[in-house]
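Residue strings, one per chain:
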Amino acid sequence: MPVSRRKVTVIGAGNVGATTAQRIAEGGLADVCLIDVVEGLPQGKALDLAESSPVQGHDHAIVGTNDYADTAGSDIVVVTAGLARQPGMSRDDLLLKNAGIVRTVVANAAAHSPNAILIVVTNPLDAMVHVALSASGFPKNRVIGMAGVLDSARFRTFIAEELDVSAADVSAFVLGGHGDTMVPLPRFSTVAGIPLPELMKPDRIEALVARTRNGGAEIVALLKSGSAFYAPAASVAQMVDAILNDRKRVLPCAVLLAGEYKVDGLVVGVPIVLGSNGVERIIEISLTGEEQAALLASAESVRVLVETMAKQPV
Ligand code: TXD
């Protein structure tokens, strides 16, 4: 029996969106619909990507559009639409502007793909997952924020560099919100199973943790205009692969908690099992008092954003 082709819509044909579309198609994961509010932009990038397919040797369709009708029947919708941070601009400055954009695009996409799983990328990430949950009306297992995979990838990169070992052998865990309140957990970070504190002095671990927290800003400062997109797109593609292939990957993702980790009704980054149902389960690990306090502080900063949005509905 023929297997129907999988379809992923990527909303926002900017840096993260277009690179994500490329990774999904060239990675053999799915057909891609790239949509943006700017006329010609998604069409042009999709055509350019499609014209690489014979060279790359894949046959996934990549279509660009400004019309949500073309997104119908998507298995996954990736939301990157919004404004990117400029130097000196905090993620939170983007809050109200991007909340309006995310609300509109998610409502449109959800109407055309009522069974899709949403992966939210737009910043401020955790707050935008709240917006996507309410705009879609989807259950919480189908609305997932991408931040932890990226933040832990940055931590892994810095650990590998410092120890001069393969990044492939480094695994790292980062919990909490995306931004200054993220909570990297060195004791759950390992090199081929060896806990990081066995391999690195506390002051060096602290330096790498600080660099990870500042990872997005470090790239913004270098680029001068725009923000990171290669590692963010790679992180989204890994989540898309986990869902479409029901891999049940254990990945840190931003999801709505209902009492887990003593957080209720707020979106926070925690380890989840990611498979064809989206969030298959949330993994609770026991935290030290200090780690738990850092996670709760992170959740509180999300609460502030959610309350700000409630006061100024978009
Ligand atoms: O870890 C993470 N979650 C992040 C988040 C990592 C990297 C980037 N992160 C955030 O993703 C970033 O702060 C932004 O909020 C989004 C997208 O970043 P990107 O670098 O791709 O921004 P661009 O290049 O400016 O692209 C945004 C596109 C652009 O083409 C706009 O025209 C489009 O979004 N846009 C829209 N598309 C559809 N519909 C509407 N309403 C719309 N408004 C803007």
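Coordinates for the structure precede this section.
Below, the structure is looked at part by part. (Residues numbered from 1 in each chain as written. Predicted model: local features only at pLDDT ≥ 70, side-chain atom pairs only at ≥ 80, totals over all residues. Heavy atoms only, no water.)

Of regular secondary structure, the chain possesses ten helices and 14 strands. Against the compact-globule benchmark of 20 Å for 314 residues, the chain has a radius of gyration of 19 Å, which places it among compact chains. Counting all 314 residues of the chain, 50% fall into the buried class. Within the chain, contacts between residues at least 6 apart in sequence are counted, and of these 69% link residues at least 24 apart. Here the chain has roughly 13700 Å² of accessible surface; of this, 54% comes from carbon and sulfur atoms. (Helix = DSSP H or I, 4+ residues; strand = E, 2+ residues; numbered from the N terminus. Rg over C-alpha atoms; globule rule 2.2 N^0.38 Å. Buried < 20%, exposed > 50% of the residue type's maximum accessible area, 1.4 Å probe, protein only. Contact = heavy atoms within 4.5 Å. Areas by Shrake-Rupley, 256 points an atom, 1.4 Å probe, with all protein chains shown as cover.)

Near the ligand you find 26 residues, and of these Asn15, Val16, Asp36, Leu83 and Met146 are the closest. In this structure, His178 approaches the ligand through a side-chain N or O atom, which is 3.0 Å from an oxygen atom. Counting only elements with at least two residues in the shell around the ligand, the list comes to helix H1 (15-26) and helix H4 (95-112). Here the shell around the ligand gets three residues from one element, more than from any other, and that element is H4. (Near = heavy atom within 4 Å. Polar contact = N/O pair within 3.5 Å; in protein donor to acceptor, adjacent residues only side chain to side chain.)

The geometry of an aromatic ring pair is captured by two quantities: the separation of the ring centres and the angle between the planes. Taken as a whole and judged by the stated rule, the model has one aromatic pair. With a centroid separation of 4.4 Å and 35° between ring planes, the pair formed by Phe229 and Tyr230 is classed as tilted. By relative accessible area, Tyr230 is classed as exposed at 55%. The ring of Phe138 has Arg142 sitting right over it, with the charged end atom 4.4 Å from the ring centre. (Phe/Tyr/Trp six-rings, centres within 6.5 Å; stacked < 30°, edge-to-face > 60°. Lys NZ or Arg CZ within 6 Å of the ring centre and 35° of its normal.)

Attention now moves to the nonpolar core. The biggest cluster of nonpolar side chains holds 50 residues, and the ones touching the most others in it are Val8, Val78, Ile119, Ile144, Met239 and Val240. Ranked by the residues each element gives to this core, the list is headed by helix H9 (residues 230-244), at six residues. When residues of this core are assigned to domains, at least three map to each of domain 1 (7-145) and domain 2 (148-311). Core analysis: the next-biggest nonpolar cluster, separate from the first, contains 31 residues, Val79, Phe138, Ala254 and Val267 among them. (Core = buried A, V, L, I, M, F, W, Y, C linked by side-chain atoms within 4.5 Å. Domains from an automatic or database assignment.)

We now examine unusual backbone geometry. Residues other than glycine predominantly adopt negative phi, and peptide bonds predominantly adopt the trans conformation. In this model, Asn123 is joined to Pro124 through a cis peptide bond whose omega is -5°. Its location among the elements puts Pro124 in the loop between strand S5 (117-120) and helix H5 (125-136). Even without being glycine, Ala192 reaches a positive phi, approximately 45°. Note on placement: Ala192 falls in the loop between strand S10 (190-191) and strand S11 (194-195). Its identity as a non-glycine residue notwithstanding, Asp246 has a phi of 45°, on the positive side. Relative to the assigned elements, Asp246 resides in the loop between H9 and strand S12 (249-258).

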